[in-house]
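One letter stands for each residue in the lines below.
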Amino acid sequence: MEDDDGIRAHFPLSFGKKSKSQTPIESIHNATRRPTTGIDGSQSSSSLPTNNKNKDTPFPSLSSSSKSWLNSLQKNPKPSTVSDDDVAIGPPRPPPSSDSVDGEDDAMIGPPRPMPDQDDDDDDDEPIIGPPRPPLGSDSEDDFSDGEQEVQHRIPLSNEIVLKGHTKVVSALAIDHSGSRVLSGSYDYSIRMYDFQGMNARLESFRQLEPSEGHQVRSISWSPSADRFLCVTGSAQAKIFDRDGLTLGEFIKGDMYIRDLKNTKGHITGLTCGEWHPKTKETILTSSEDGSLRIWDVNDFTSQKQVIKPKLVKHGRVPVNTCAWDREGKSIAGGIGDGSIQIWGIKPGWGSRPDIYVPNAHSDEITGLKFSSDGRTLLSRSFDCTLKVWDLRQMKTVLKSFEDLPNHYSQTNVAFSPDEQLLLTGTSVERDSTTGGLLCLFDREKLELVSKVGISPTCSVVQCGWHPKLNQIFATAGDKHQGGTHVLYDPTLSTRGALVCVARAPRKKSVDDFQAEPVIHNPHALPLFRDQPSRKRQREKMLKDPLKSHKPEAPMNGPGFGGRVGVTKGSLLTQYLLKQGGMIKETWMDEDPREAILKYADVAKKDPKFIAPAYAETQPNTVFAESDSEEEDK
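Note that the coordinates shown come from a computational prediction; the quantities given were computed from them, not determined experimentally. (Residues numbered from 1 in each chain as written. Predicted model: local features only at pLDDT ≥ 70, side-chain atom pairs only at ≥ 80, totals over all residues. Heavy atoms only, no water.)

Draft legend 1. Quick peek at the overall build of the protein chain. A count of helices and strands for the protein chain gives 10 helices and 28 strands. Counting the 634 residues in the protein chain, one finds 40% classified as buried. Long-range contacts, defined as pairs at least 24 residues apart, comprise 50% of the intrachain contacts of the protein chain with a sequence gap of at least 6. Carbon and sulfur atoms make up 51% of the accessible area of the protein chain, which totals about 39400 Å². (Helix = DSSP H or I, 4+ residues; strand = E, 2+ residues; numbered from the N terminus. Buried < 20%, exposed > 50% of the residue type's maximum accessible area, 1.4 Å probe, protein only. Contact = heavy atoms within 4.5 Å. Areas by Shrake-Rupley, 256 points an atom, 1.4 Å probe, with all protein chains shown as cover.)

Draft legend 2. Examining the state of the cysteines more closely. Under the defined criterion, the tally for this structure stands at zero disulfides. With no disulfide of its own, Cys 273 lies closest to Cys 323 among cysteine sulfurs, the gap being 4.0 Å. Residue Cys 323 is classed as buried on the basis of its relative accessible area of 2%. (Disulfide = S-S within 2.5 Å.)

Draft legend 3. Spotlight on a negative patch on the surface. A contiguous patch of negative charge, built from Glu 403, Asp 404, Glu 430 and Asp 432, is present on the exposed surface. Relative to the helices and strands, Asp 404 resides in the loop between β21 (400-402) and β22 (414-416). (Patch = residues over 30% accessible without salt bridge, like charges linked within 9 Å, V, L, I, M, F, W, Y side chains within 5 Å. Salt bridge = Lys/Arg side-chain N within 4 Å of Asp/Glu carboxyl O. Lys, Arg positive; Asp, Glu negative; His and termini not counted. Charge placed at Lys NZ, Arg CZ, Asp CG, Glu CD.)

Draft legend 4. Structural context of a nonpolar patch on the surface. Taken together, Leu 526, Leu 528 and Phe 529 make up a surface patch of nonpolar side chains, about 340 Å² in accessible area. Note on placement: Leu 526 falls in the loop between α5 (498-502) and α6 (535-544). Looking at Leu 526, the relative accessible area reads 44%, which means it is partly exposed.

Draft legend 5. Quick look at the sheet that holds strand β17 (residues 356-358). The four strands are arranged β14-β15-β16-β17 in an open sheet whose pairing can be described as antiparallel. Edge positions in the sheet fall to β14 (320-325) and β17, since each has one partner strand and no second. Adjacent strand axes in the sheet meet at a mean angle of 15°, parallel and antiparallel pairs treated alike. Two strands pair when backbone bridges link them, and strand β15 (residues 331-336) and strand β16 (residues 341-345) are joined in this way by five bridges, in the antiparallel orientation. Looking at β16, one finds that Ser 331 is bridged to Gly 345. (Pairing = 2+ DSSP bridges. Axes fitted to C-alpha atoms, helices over the stretch in contact; angles between N-to-C directions.)

Draft legend 6. Fine view of the sheet that holds strand β2 (residues 170-175). Strand order in the open sheet formed by four strands is β2-β3-β4-β5, with antiparallel pairing between adjacent strands. Looking at which strands have only one partner, the edges of the open sheet turn out to be β2 and β5 (207-209). For this sheet the average axis-to-axis angle between neighbouring strands, irrespective of direction, equals 20°.

Draft legend 7. Spatial organisation of the pairing of strand β11 (residues 283-288). Burial of β11 is extensive: six of the six residues sit out of reach of the surface. Sheet topology note: the strand β10 (residues 271-276)/β11 ladder contains five bridges and is antiparallel. Its bridge partner lying in β11, Glu 275 is registered against Leu 285. The hairpin formed by β10 and β11 contains six residues between the paired strands. Sheet topology places β11 next to strand β12 (residues 293-297); five bridges connect them, and they run antiparallel. Bridging from a neighbouring strand, Thr 283 pairs with Asp 297 of β12. A loop of four residues connects β11 with β12, the two strands running antiparallel in sequence, and Gly 291 in this loop sits at a positive phi of about 90°.

Draft legend 8. Examining the pattern of salt bridges more closely. This model, assessed by the stated rule, comprises 11 salt bridges. The partner of Arg 243 in a salt bridge is Asp 176, with the nearest N and O atoms 3.0 Å apart. One end of the pair, Arg 243, is in the loop between β8 (239-242) and β9 (247-250); the other, Asp 176, is in the loop between β2 and β3 (181-186), and 67 residues separate them in sequence. Arg 181 is the partner of Asp 195 in a salt bridge, and the nearest nitrogen-oxygen pair spans 2.6 Å. Here Asp 195 is found in strand β4 (residues 191-195), whereas its partner Arg 181 is found in strand β3, with 14 residues between them in sequence. In this pair, the class of Asp 195 matches that of Arg 181, namely buried. Overlapping salt bridges bring together Arg 181, Asp 195 and Asp 244 as one network.

Draft legend 9. A look at the environment of Gln 342. Locating Gln 342 in the fold gives a position in strand β16. The buried category is assigned to Gln 342, whose relative accessible area is 0%. Taking the C-alpha atoms as reference points, Gln 342 and Pro 310, separated by 32 residues in sequence, lie 7.3 Å from one another. Those residues within four positions of Gln 342 in sequence are excluded, and the remaining contacts are Pro 310, Lys 311, Ile 332, Ala 333, Gly 334, Ile 336, Pro 354, Ile 356 and Tyr 357.

Draft legend 10. Inspection of unusual backbone geometry at higher detail. One non-glycine residue, Asp 404, lies in the positive phi region at around 60°. What makes Asp 404 exposed here is its relative accessible area of 66%. Even without being glycine, Arg 496 reaches a positive phi, approximately 50°. Within the secondary structure layout, Arg 496 lies in the loop between β28 (483-489) and α5. The class of Arg 496 is partly exposed, set by a relative accessible area of 44%.

Draft legend 11. Just the packing of aromatic side chains, in detail. As enumerated under the stated definition, the model contains seven aromatic pairs in all. Note on Phe 251 and Trp 296: the rings are 4.8 Å apart at their centroids and 50° apart in plane angle, and the pair reads as tilted. Of the two residues, Phe 251 sits in the loop between β9 and β10 while Trp 296 sits in strand β12, which places them 45 residues apart along the sequence. When the centroid spacing of 5.0 Å and the interplanar angle of 50° are considered together, the rings of Phe 251 and Phe 301 count as tilted. With Phe 251 in the loop between β9 and β10 and Phe 301 in strand β13 (residues 300-308), the pair connects residues that are 50 residues apart, well separated along the chain. Grouping aromatic residues by their ring pairs yields a cluster made of Trp 222, Phe 229 and Phe 241. (Phe/Tyr/Trp six-rings, centres within 6.5 Å; stacked < 30°, edge-to-face > 60°.)

Draft legend 12. Looking closely at the nonpolar core. One finds Ile 161, Val 182, Phe 196, Met 199, Phe 474 and Cys 501 to be the most contacted residues of the largest nonpolar core, which totals 18 residues. Where this core is concerned, the elements lending two or more residues are β1 (159-166), β2, β28 and α5. Looking at which element gives the most residues to this core, the answer is α5, with four residues. The contact partners of Phe 474, leaving out residues within four places of it in the chain, are Leu 173, Ile 175, Val 182, Phe 196, Gln 463, Cys 464, Gly 465, His 467, Thr 485, His 486 and Val 487. (Core = buried A, V, L, I, M, F, W, Y, C linked by side-chain atoms within 4.5 Å.)

Draft legend 13. Region of the structure containing the pairing of strand β6 (residues 217-222). By the criterion of burial, β6 is predominantly enclosed, with six of the six residues buried. Linking β6 to strand β7 (residues 228-233), which pair antiparallel, is a turn of five residues; within it Ala 226 sits at a positive phi near 60°.

Draft legend 14. Looking closely at the side chain of Ser 417. Secondary-structure assignment places Ser 417 in the loop between β22 and β23 (422-426). Within the local environment of Ser 417, its side chain forms a polar contact with the side chain of Asp 419, the two groups lying 2.6 Å apart. A polar contact is formed between the side chain of Ser 417 and the backbone nitrogen of Gln 421, at a distance of 3.2 Å. With near-sequence residues (within four places) excluded, Ser 417 lies in contact with Leu 422, Leu 424 and Trp 466. (Polar contact = N/O pair within 3.5 Å; in protein donor to acceptor, adjacent residues only side chain to side chain.)

In structure tokens, the structure reads:
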């Protein structure tokens, strides 16, 4: 029997496919939980309120047992569920003492109630469990006000993930209508594509594009059917890509030497913004630094449908920094470089004259425009550190101007919440500031600040958006060295999106995934197995080398003495010295040419060659002129 026990120890306890141990979803979301931020953007370590009177004891109005329970809840925000068979839930009710609230003992049942941002549902039918709310006028009333605002507007801020990959600030953001695919463009000239359904906890992009080499990505926009998207870069030509990132076409560039922009076939300088028509999937709108807005048909990349020239106070070209469609696609808004806002209504026979013209709407360039869905409100964001709310029915005066919102990027936008009760915009990091990049939320009706959410202590927030189906907030941030897209969500309020990929663990490598790198053996390529070169080839190679063969220098062609051209007129130093000393004389320069020829006359007569023998009998006598000594003397 003892031998059997020893053998049995080597066998597995169970057979078949074993179930994998899964990490609880609560612990996964606790890992992505972010610290809460106050109204000033400062971050605290817990989402539960604290009392300002006694910082050592966060909850002085509760009993000691309730305090210990809340401290444990503060470490684990979501306690484990208890079965129905258990009778005791939480710590026992504290006895009536000075620590408890007078006259409220009957209302305190079980542990205190957690904060509203941790509740799954806020139903009115549920019984009130926990201590009552502090009376009016107490110091702790302000501590609960921030949590009440988050529940009232249902802002998903409890958890956060970051879609990284860019090396510079992320300047463009686009989420498709279903919320499954996210596009981010950056100053590093690239676009990264993220898919929540196919992404795991590593949060890696499945594709990277470079639309235009050496040009920053400034705007991205999905089509109404989300099968294509528009990419606007710093070049003069916008591009259309399909859903998988394949290039479908590039719009034509205009002639830069034509003065009138209406006669050009396209933009002539860098683009600044672009947006797809909200209803029609064949129409897009682009704006450029050349001072024009153009409407294009995506089915024809060689021609444009309409050219819009903004109204200017002074003659010249002023860039159009941003553009936007309204909800129905019946109006176009443009933010001009001189700080004016111009709106055109699309109707039969419309032209470049704007229907609404607001001069000096901002004191600096406009970076973002956004229409409300009801067509009554227009939001504008500018370099002058302001966010302004306009009533389209009365554009002469601004409804509200929110100040002290730093902005250093020309792509900083403004957005609405899904119910359009909140306004969102990001702020840039200033040199002397300690708050970092913030996401500011404002109430549309009360026109007041609701919250400032700290996104990054060192990076500026540029683009932001609140997806209606996912109920998740997207904010792009970055600086000169890094960039990413921050996704804020709440497990109890948000659906899909970040919840899908965070809970999906990366796939572990198995034995089947192992691939051995092939090793190719070629023995003849090794030095040991190489054939030794023959000596004959070595000698031939050495003979061709002038240095190894000691080949003498070839004589130079041309006039000279001794076949050499140079100052010495000779190839030897001795000849040069003899010539300079007068020992070698050149007599042909001092000889008469006539005498030089006549000295060979007797030789030619005695020994004629070639032609002379044939004409020996008939050859006339040669008569030479006698030299006149007198003429030579002259």
